[in-house]
Amino acid sequence: MTESEAYFILNLVNGIGPVKAKKLRERFGSLDIALTARGADLRSVEGVGPELVAKLVSWKETTDPDKERKWAEELGLSIVTMADETYPPALREIYDPPMVLYIKGKIPETWPRGVAVVGSRETSHYGLETAKKLGYQLAYAGVPVISGLARGIDTSAHLGALAAKGTTWAALGCGLDQMYPPENDTLAAKIVESGGCLISELPLGTSPDKRTFPMRNRIVSGLSFGVLVIEAGRQSGALITARQALDQGRQVFAVPGRIDNPLAQGCHQLIKDGAKLVEGVEDILTELEFLIPRESVSTPRPLPANLTGDEEKVYAAIELDETPIDTITQRTGLGSGTVSSTLLRLEMKKLVKQLPGKVFVRIS
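Keep in mind the model is a prediction, meaning the values are calculated, not measured.

(A) Highlighting the overall build of the protein. Across its full length, the protein holds 19 helices and twelve strands. C-alpha extents for the protein along the principal axes are approximately 85 × 45 × 40 Å. For the protein, with 364 residues in total, the buried portion stands at 51%. Accessible area of the protein: about 17,000 Å², with a carbon and sulfur share of 51%. Measuring between centres, the 42 positive side-chain charges of the protein sit 2 Å from its 45 negative side-chain charges.

(B) Just the layout of surface pockets, in detail. Considered as a void within the structure, the largest pocket measures approximately 570 Å³ in volume. In this structure, the largest pocket is lined by 25 residues; those nearest its centre are Asn11, Val13, Asn14, Leu202 and Pro203. Classifying every residue of the lining of the largest pocket gives eleven nonpolar, seven polar and seven charged.

(C) Spatial organisation of the sheet that holds strand 7 (residues 224-230). Read across the open sheet, the nine strands follow the order 1-2-6-5-4-3-7-8-9; overall the sheet is mixed. The two strands at the open ends of the sheet, each matched to only one other strand, are strand 1 (78-81) and strand 9 (276-277). With four bridges joining them, strand 2 (residues 100-105) and strand 6 (residues 197-200) adopt antiparallel strand pairing. Bridge pairing links Lys104 to Leu198 in strand 6. Sheet strands touched by helix 11 (residues 185-193): strand 2, strand 5 (168-171) and strand 6. Its angle to strand 6, the strand with the most contacts, is close to 115°.

(D) How the structure looks around the pairing of strand 12 (residues 359-362). Side chains Val359 and Val361 project from strand 12 onto one buried face, and the interleaved Phe360 and Arg362 project onto a second face that is buried too. Alignment of strand 11 (residues 352-355) against strand 12, held across four bridges, turns out to be antiparallel. Bridge pairing in strand 12 links Gln354 to Phe360. Counting the residues in the hairpin turn of strand 11 and strand 12 gives three residues, including Gly357, whose phi is positive at 90°.

Conventions used here
- Residues numbered from 1 in each chain as written.
- Predicted model: local features only at pLDDT ≥ 70, side-chain atom pairs only at ≥ 80, totals over all residues.
- Heavy atoms only, no water.
- Helix = DSSP H or I, 4+ residues; strand = E, 2+ residues; numbered from the N terminus.
- Buried < 20%, exposed > 50% of the residue type's maximum accessible area, 1.4 Å probe, protein only.
- Areas by Shrake-Rupley, 256 points an atom, 1.4 Å probe, with all protein chains shown as cover.
- Lys, Arg positive; Asp, Glu negative; His and termini not counted.
- Charge placed at Lys NZ, Arg CZ, Asp CG, Glu CD.
- 1 Å grid on protein atoms, 1.4 Å probe; cavity = no way out; pocket = protein on both sides within 12 Å on 5 of 7 lines; lining within 4 Å.
- Points joined across faces, edges and corners; volume = space filled by probe spheres on them.
- Nonpolar A, V, L, I, M, F, W, Y, C, P; charged D, E, K, R; others polar.
- Pairing = 2+ DSSP bridges.
- Contact = heavy atoms within 4.5 Å.
- Axes fitted to C-alpha atoms, helices over the stretch in contact; angles between N-to-C directions.

So yeah, pure geometry; function would need other evidence.
Have a look at this one:
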């Protein structure tokens, strides 16, 4: 068998994770040899006790890789292992990279690193709107938005990225034949339709539980340059993702909240511990400029369809954040009357919104 097939089989053996697979590979030189090794030789591998030895020796009787592959094919899934060139380079860097990724949707050619957006499942209107806005702005700037498809902040971040017609990926804490939470089934379909993808390392049929979510979180952070935390209490799972990000050498960002909001306490603690305080998308993009060339994270997003020439100019002149009308007039070179009438048409098309002080923003 190939090394890729060996990874796939080991991923089906309960109890053999990435760390033990690495030790097996180091001991035998390749995983296919490990799968044919005798029990006495397997027992010499650190961390592989009698129970795991029994599972490895009898894997042909307890697993059915052909059935699993056929099931995945029926569901329209791709399977990528650590032995494949299409495996995300960023995940190879972490301590415990997933042996196998089940992927629904488009596999990126280069897996550009993105920003993970995480936070509380039970959140405020402020948190939801902030996640949607920052998800929109990051995706519009060409940065993939990565999250876990959970309720609350995750959902809003994905929705923001979709509204910007950008890239978003969702890592799930269950098999891709299932959906959790079930109400996000439509959102998951939209992510795939938009050119993004759903990702899981878990074999088909695996239900979500307390063990699978922390596993999922390390994939969310591992695929990113940094993790942005929006509204997280002190016991939030988002803080686990932030800690994993630090362990993986990723940047941690946090959005502050009201001092009397329990959901902000986790973010405030992260900021005290050195996370970068985020007041706007520029705080994130500026940090990324030190890590990657600016052009790698900023690719122009397509303009809305069916705009006139003046509408295109005015829409393009409005930044991701608030833009004064004088700035729009200066950038477009159009007369003030033309700019005003054009802005009104864009408002009627629900593409821009006027704020107090003759300031305009794009509507996500």
